[in-house]
Amino acid sequence: MSHDIHAHRILILDFGSQYTQLIARRVREIGVYCEIHAWDMDEAAIREFAPKGIILAGGPESVTENGSPRAPQVVFELAVPVLGICYGMQTMAAQLGGAVQGSEEREFGYARVDLVGKSSFLDGIEDAVADDGVLNLDVWMSHGDKVIELPDGFKVLASTPSCAIAAMGDDARHFYGVQFHPEVTHTKQGLRILSRFILELCGCEALWTPANIVEDAIATVRAQVGDAKVLLGLSGGVDSSVVAALLHRAIGDQLTCVFVDNGLLRLHEGEQVMAMFAENMGVKVIRANAEEKFLSRLLGVTDPEAKRKVIGRTFIEVFDEEATKLQDVRFLAQGTIYPDVIESAGAKTGKAHVIKSHHNVGGLPEDMAFELVEPLRELFKDEVRKIGLELGLPYDMVYRHPFPGPGLGVRILAEVRKEYADILRRADHIFIEELRKADLYHKTSQAFAVFLPVRSVGVVGDARRYEWVIALRAVETIDFMTARWAHLPYEFLETVSNRIINEISGVSRVTYDISSKPPATIEWE
Ligand SMILES: Nc1ncnc2c1ncn2[C@@H]1O[C@H](COP(=O)(O)OP(=O)(O)OP(=O)(O)O)[C@@H](O)[C@H]1O
Ligand SMILES: O=c1[nH]c(=O)c2[nH+]cn([C@@H]3O[C@H](COP(=O)(O)O)[C@@H](O)[C@H]3O)c2[nH]1
Ligand SMILES: NC(=O)CC[C@H](N)C(=O)O
Ligand SMILES: [Mg+2]
């Protein structure tokens, strides 16, 4: 391989902020590999990680409280640049001899900071020049506490009327702190500020590009797998499709995909997956028709968590059966991506509540005979998509909305029955078809229909109708952790509603879900 794309890497220590993943995505966007670890990461592990620079992220706690988190001391002893953002800046100040003042009052939202003092960090980056000749930056703030005394060696780089030390820096050691959030798009020069830190001050090269990532992943998979056989569960969703394309390029015929028709898929999904992979790309795909099996196991099951568990177990059973038929399959490939890894780490440390069990995380049996191949483990969804395009998958496949493994099973708010699934599939298809027609599909992040097991009276062509209710759900989100319901035009919703009620005789009423996440989740179960 021509270069090690992981050699130039940034370490991000997380203090529990909502924005830490966003920082990581920005660093990757700049073209540099990074990892997020908890703030109490082991000192030896930090040394071994050998970062070219460290970012201390934000967090909900207050540095002024006893027992609040601190950065491991080694962070300041590695002789690499360190950037503290918000809580990260505050703890940096406190740990290096400055002082932080607590406050109940939060400064939240847009702010204009004055740039004061020269530094290799912020020089030449500005939004505007005020009448008095002072340079300004438009930034986004979210804090209560503030640094009131600089540590030795630091000077003030930016200030606002309410926050005298809005940025600080020590050019000799390349330690910097910003009270504002450069990772959010509201901070207009945020990406330039982060680029300056990562490319110029840390001296990282931008090696993390789709072409390099693909080349690296192929080499890694070949080294891991040798000439053994690999089985991949292919859903037709973005992640497993990208894994299929990647493995096909890396190991060709050693790859066999199993597409499981569990009876809970979208309309024509099976045919589309087979056409795309088996017919066009020459990938070996087995279609496992397991509708009977899934539906019979789901009989009488109404609890959402119970459904997810039944579906997860049945998937593994089908994979096992197919692997046995193929003989000597040593590896099971999965489309696990970086957010899955971060979120299940959170679940492991007990810091996060289990809201719902995603079918593919932690669902694998302990005594599983396979070794795992997970080439997307380090990637965010937007990176997975870029890799998909790099590998030649069509735009429509790469930019499709995600579809959960339990599929329509968690969109039928009752016992799963084939007649319900058939109605839901058609309603969902109409909704998606209209979104595409109205050029709204790519303006929403995820959209689908939900089957409500409630009967409602209607009148269609002079006749009474007493049938089921369909709810439409469409959201806008970047990370699927939080989401806003999509403000679709009324005329559009009207068209969809009319089509569903007119074309599907089992539906008498359509509603639109106007809940955001939180407090609601994206799926209804
Ligand atoms: N119908 C299916 N047949 C085979 N494997 C499946 C099926 N549904 C899900 N899987 C497996 O479960 C994994 C997780 O599903 P998940 O929905 O998170 O990812 P995806 O379907 O690949 O992508 P997307 O998030 O875009 O839907 C998939 O990568 C795939 O390996
Ligand atoms: O593969 C999956 N297996 C699951 O069990 C599962 N549950 C939810 N989702 C998807 O995750 C995203 C967030 O969904 P929630 O807000 O409902 O938790 C949304 O994109 C959901 O569609 C799943 N995906
Ligand atoms: N966003 C943050 O990192 C906030 C830091 C700290 N909790 C404060 O309120 O100032
Ligand atoms: Mg999916």
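Residues numbered from 1 in each chain as written. Chains lettered and ligands numbered in written order. Predicted model: local features only at pLDDT ≥ 70, side-chain atom pairs only at ≥ 80, totals over all residues. Heavy atoms only, no water.

Going by an unreviewed UniProt entry, the protein carries the name GMP synthase [glutamine-hydrolyzing] and comes from Halopseudomonas bauzanensis. Its UniProt record gives the protein the following Pathway (unreviewed entry) comment, quoted word for word: "Purine metabolism; GMP biosynthesis; GMP from XMP (L-Gln route): step 1/1." For the protein, the Subunit (unreviewed entry) comment in UniProt is given as "Homodimer." (UniProt positions renumbered as here; feature names shortened; annotations may be inferred.)

> For this particular structure, what's the right way to read the site of ligand 1?
Taken together, 18 residues surround ligand 1, and among them Gly 233, Ser 235, Val 238, Ser 240 and Phe 403 come closest. The separation between an oxygen atom of ligand 1 and a polar main-chain atom of Ser 240 is 2.6 Å. Coverage of ligand 1 by the protein chains reaches 90% of its 590 Å² of free accessible surface. At the level of secondary structure, the elements contributing two or more residues to the shell around ligand 1 comprise helix H6 (238-251), strand E14 (255-261) and helix H9 (304-326). At three residues, the largest contribution of residues to the shell around ligand 1 is made by H6. Of the residues that constitute the shell around ligand 1, the class distribution is eight nonpolar, eight polar and two charged. (Near = heavy atom within 4 Å. Polar contact = N/O pair within 3.5 Å; in protein donor to acceptor, adjacent residues only side chain to side chain. Areas by Shrake-Rupley, 256 points an atom, 1.4 Å probe, with all protein chains shown as cover. Helix = DSSP H or I, 4+ residues; strand = E, 2+ residues; numbered from the N terminus. Nonpolar A, V, L, I, M, F, W, Y, C, P; charged D, E, K, R; others polar.)

> Whenever I open this one, the environment of Asp 303 confuses me. Can you help?
Tracing the backbone shows Asp 303 in the loop between helix H8 (291-298) and H9. Taking the C-alpha atoms as reference, Asp 303 lies 8.9 Å from Leu 413; in sequence the two are 110 residues apart. A distance of 3.2 Å separates a polar atom in the side chain of Asp 303 from the backbone nitrogen of Glu 305. In this structure the side chain of Asp 303 is engaged in a polar contact, spanning 2.9 Å, whose partner is the backbone nitrogen of Ala 306.

> In this structure, what is going on with the packing of helix H5 (residues 210-225) against helix H11 (residues 381-390)? I would like to understand it.
For any two helices packed against each other, one specifies the crossing angle of their axes together with the interaxial distance. The contact between H5 and H11 brings their axes to 9 Å, and the two run at 80°. Comparing their axes, H11 and H5 come out roughly perpendicular. When H5 is examined against H11, the residues Pro 210, Ala 211, Ile 213 and Val 214 are found in contact with a partner set consisting of Lys 386, Ile 387 and Glu 390. Looking at the contact of H5 with H11, its residues break down into five nonpolar, no polar and two charged. (Axes fitted to C-alpha atoms, helices over the stretch in contact; angles between N-to-C directions. Parallel < 35°, antiparallel > 145°, perpendicular 65-115°, else oblique. Contact = heavy atoms within 4.5 Å.)

> Before we go on, may I ask you to explain helix H1 (residues 20-30) in this structure?
Note: α-helices contain 3.6 residues per turn, so residues at a spacing of three or four share the same orientation. H1 sits mainly inside the fold: 10 of its 11 residues count as buried. Where H1 is concerned, the buried positions are Thr 20, Gln 21, Leu 22, Ile 23, Ala 24, Arg 25, Arg 26, Val 27, Arg 28 and Ile 30. Two residues or fewer after H1 comes Gly 31, characterised by a positive phi angle close to 105°. (Buried < 20%, exposed > 50% of the residue type's maximum accessible area, 1.4 Å probe, protein only.)

> I tried to follow the nonpolar core on my own but got confused; where do I start?
Nonpolar side chains in soluble globular proteins generally cluster together in the buried interior. Counting residues in each nonpolar core, the largest one holds 97 residues, and the members touching the most others are Phe 277, Ile 470, Leu 472, Leu 488 and Ile 500. Each of domain 2 (210-399) and domain 3 (411-512) contributes no fewer than three residues to this core. Ignoring anything within four residues of it in the chain, the contact list for Phe 277 reads Leu 234, Ser 241, Ala 244, Gly 282, Val 283, Val 285, Leu 393 and Met 397. Counting residues in each nonpolar core, the second largest holds 40 residues, with Val 113, Val 139, Ile 198 and Tyr 338 among its members. (Core = buried A, V, L, I, M, F, W, Y, C linked by side-chain atoms within 4.5 Å. Domains from an automatic or database assignment.)

> What exactly am I supposed to notice about the sheet that holds strand E17 (residues 371-373) here?
Here five strands make up an open sheet; going across it, the order is E15-E14-E13-E16-E17 and the pairing parallel. Two strands bound the open sheet, and with one partner strand each, they are strand E15 (284-289) and E17. Taken pair by pair, the neighbouring strands of this sheet meet at an average axis angle of 30°, ignoring direction. The sheet contact formed by strand E13 (residues 229-233) and strand E16 (residues 329-333) spans four bridges and is parallel. Paired with Leu 232 across the bridge in E16 is Ala 333. Relative to the sheet, helix H7 (residues 269-280) contacts E14 and E15, its axis offset from that of E15 by approximately 165°. (Pairing = 2+ DSSP bridges.)

> Explain the side chain of Gln 90 to me, please; I cannot follow it from the model alone.
Along the chain, Gln 90 falls in helix H3 (residues 87-95). On the accessibility criterion, Gln 90 (3% relative accessible area) is buried. Those residues in contact with Gln 90, other than ones at most four positions away along the chain, are Val 63, Val 100, His 143, Asp 145, Lys 146, Val 147 and Gln 179.

> Looking at this model, I keep getting lost on the sheet that holds strand E7 (residues 128-129). Mind explaining?
The pairing of strands in a sheet comes from backbone hydrogen bonds and takes either a parallel or an antiparallel form. If you walk across this open sheet you meet the 10 strands as E2-E1-E3-E4-E12-E11-E10-E6-E8-E7, and the pairing is mixed. Edge positions in the sheet fall to strand E2 (33-38) and E7, since each has one partner strand and no second. Relative to strand E12 (residues 175-178), strand E4 (residues 82-85) runs parallel, the two being bridged by four bridges. The residue bridging Leu 83 from the neighbouring strand is Tyr 176, located in E12. Helix-sheet contacts for H1 involve strand E1 (9-14), E2, strand E3 (53-56) and E4, and the interaxial angle to E2 is about 165°. Along the sheet, H3 makes contact with E3, E4, strand E8 (135-143), strand E11 (163-170) and E12, crossing E4 at roughly 120°.

> I tried to follow the pattern of salt bridges on my own but got confused; where do I start?
Any two side chains of opposite charge can pair, on the condition that their charged atoms come close. Applying the stated rule across the entire model yields 35 salt bridges. When the shortest N-O distance is used, the salt bridge between Asp 422 and Lys 418 registers 3.5 Å. Linking Asp 422 with Lys 418, this pair stays in helix H13 (residues 418-437), spanning four residues, or about one helical turn. Given the relative accessible area of 30%, Asp 422 is considered partly exposed. The partner of Arg 473 in a salt bridge is Asp 513, with the nearest N and O atoms 3.2 Å apart. (Salt bridge = Lys/Arg side-chain N within 4 Å of Asp/Glu carboxyl O.)

> What is the right way to look at the packing of aromatic side chains in this model?
Aromatic rings considered in pairs are described by the distance between their centres and by the relative angle of their planes. Scanning all chains against the criterion turns up 16 aromatic pairs. Ring plane angle 80° and centroid distance 5.7 Å describe the contact between Tyr 19 and Trp 140, whose orientation is recorded as edge-to-face. Separated by 121 residues along the polypeptide, Tyr 19 in the loop between E1 and H1 and Trp 140 in strand E8 bring together distant segments of the chain. The class of Tyr 19 is partly exposed, set by a relative accessible area of 25%. According to the relative accessible area criterion, Trp 140 is buried, its value standing at 10%. Joined through ring pairs, the aromatic side chains of Phe 15, Trp 39 and Tyr 87 make up one cluster. (Phe/Tyr/Trp six-rings, centres within 6.5 Å; stacked < 30°, edge-to-face > 60°.)

> What is the right way to look at the domain arrangement of the protein in this model?
Buried accessible area, meaning the area lost when the parts come together, often serves as the stated size of an interface. Taken domain by domain, the protein holds domain 1 (9-201), domain 2 (210-399) and domain 3 (411-512). Relative placement of domain 1 and domain 3: their C-alpha centres are 45 Å apart.

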